[in-house]
Amino acid sequence: MKKNPLLGHDVISMRDFGRDEIRAILDRCKDFEKNKKPLLQGKVLANLFFEPSTRTRLSFDAAMKRLGGQTIGFADALSTSISKGESLWDTIRVAEGYCDVMVIRHPAEGSARLAAEATKLPVINGGDGSNQHPTQTLLDLYTLQKRTGRIEGLKIAFVGDLKYGRTVHSLIRSLSLFGAELWLVSPPSLKLPADFMDDLAESRTKHTEVDDLAAVPADVDVLYVTRIQKERFADPIEYERVRAHYQVTPATVERFGDRLTLMHPLPRVSELHAALDAHPGAAWFDQARNGVVVRETLLALVLGAA
Ligand code: CP
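Residues numbered from 1 in each chain as written. Predicted model: local features only at pLDDT ≥ 70, side-chain atom pairs only at ≥ 80, totals over all residues. Heavy atoms only, no water.

(A) Quick look at the site of the ligand. Taken together, S53, T54, R55, T56, R105, H133, Q136, P265 and L266 make up all the residues around the ligand. Between an oxygen atom of the ligand and a side-chain N or O atom of S53, the distance comes to 2.6 Å. Interatomic distance of 2.7 Å between a side-chain N/O atom of T56 and an oxygen atom of the ligand. Taken by itself the ligand offers 250 Å² of open surface, and the protein chains cover 91% of this. (Near = heavy atom within 4 Å. Polar contact = N/O pair within 3.5 Å; in protein donor to acceptor, adjacent residues only side chain to side chain. Areas by Shrake-Rupley, 256 points an atom, 1.4 Å probe, with all protein chains shown as cover.)

Following this line, the structure appears as structure tokens:
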């Protein structure tokens, strides 16, 4: 493998990352945690957020500033000339004159890939519709490695909105490279879409689809709970039907024991009880915190400073 395969590259989909590349990035994250330098002085990150975000936008902002760089951008498309009818393509062509690297979050699937085609600067996907959220996956894997000591051969149950949850789509793809065994727990209307199921079949990843969390064996290593993605539903009645389908509480997870790692990309609504914050396996605030070092590493790698 080349020394820095990410130099000048985009980070759009976990489909673009093989096992060795993921391992190399996670190793670099470990180095960054120990040894932080102002590697990005004089560089500017444009945070182009066409959809709401707390963690992704703020942690990219913090990551760039902690490495000595600066940030520009917006958190609301309505405050930009998109609201006057400007195209995404033109917005990216204009923004490239103001920065060295861009992060884009957008409601349309494929928008990050389109942005990457519009500019020669590195583009990082901060979430494109229901499709992909690659930096969330890298921070999830980093958190799993820190907590469980491994990312190979994990037994992991995904619970909730597997149809629209982009964090699930990115993470499932990557876990399939590391010999995971999966349980896919969702209401029938929110099952994992066919193209991601095809990936699992192609990689011969053992997986079981169920509707009821009670069908998941007690020896799983990880429960990865997700919010029902209200903003993706065309029909509000359909959302109401599934809104409260899963409510994971201390009683729900008792049978899994204290060795369970409990994950959630956040934000949470009603699917994950706040009392679970006290569970020894609760990882969500660590996931959010680890987002900074993972994003520092990615920014430094794509800008050739690592
Ligand atoms: N996990 C995540 O992407 O959170 P935000 O939507 O707040 O960025």
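From this point, the discussion proceeds with the structure in view.
(B) Just empty space enclosed by the protein, in detail. Under the counting rule described, the total for this entry stands at two cavities of 30 Å³ or more. Those elements that place two or more of their residues in the lining of the largest cavity are α5 (134-148) and α10 (284-302). Top element by residues in the lining of the largest cavity is α10. It accounts for five residues. Partitioned by chemical class, the residues of the lining of the largest cavity number four nonpolar, four polar and two charged. Lining the second largest cavity, in full, are V159, G160, V225, T226, I228, R243, H245, Y246 and E271. Class assignment of the residues belonging to the lining of the second largest cavity gives a composition of four nonpolar, three polar and two charged. (1 Å grid on protein atoms, 1.4 Å probe; cavity = no way out; pocket = protein on both sides within 12 Å on 5 of 7 lines; lining within 4 Å. Points joined across faces, edges and corners; volume = space filled by probe spheres on them. Helix = DSSP H or I, 4+ residues; strand = E, 2+ residues; numbered from the N terminus. Nonpolar A, V, L, I, M, F, W, Y, C, P; charged D, E, K, R; others polar.)

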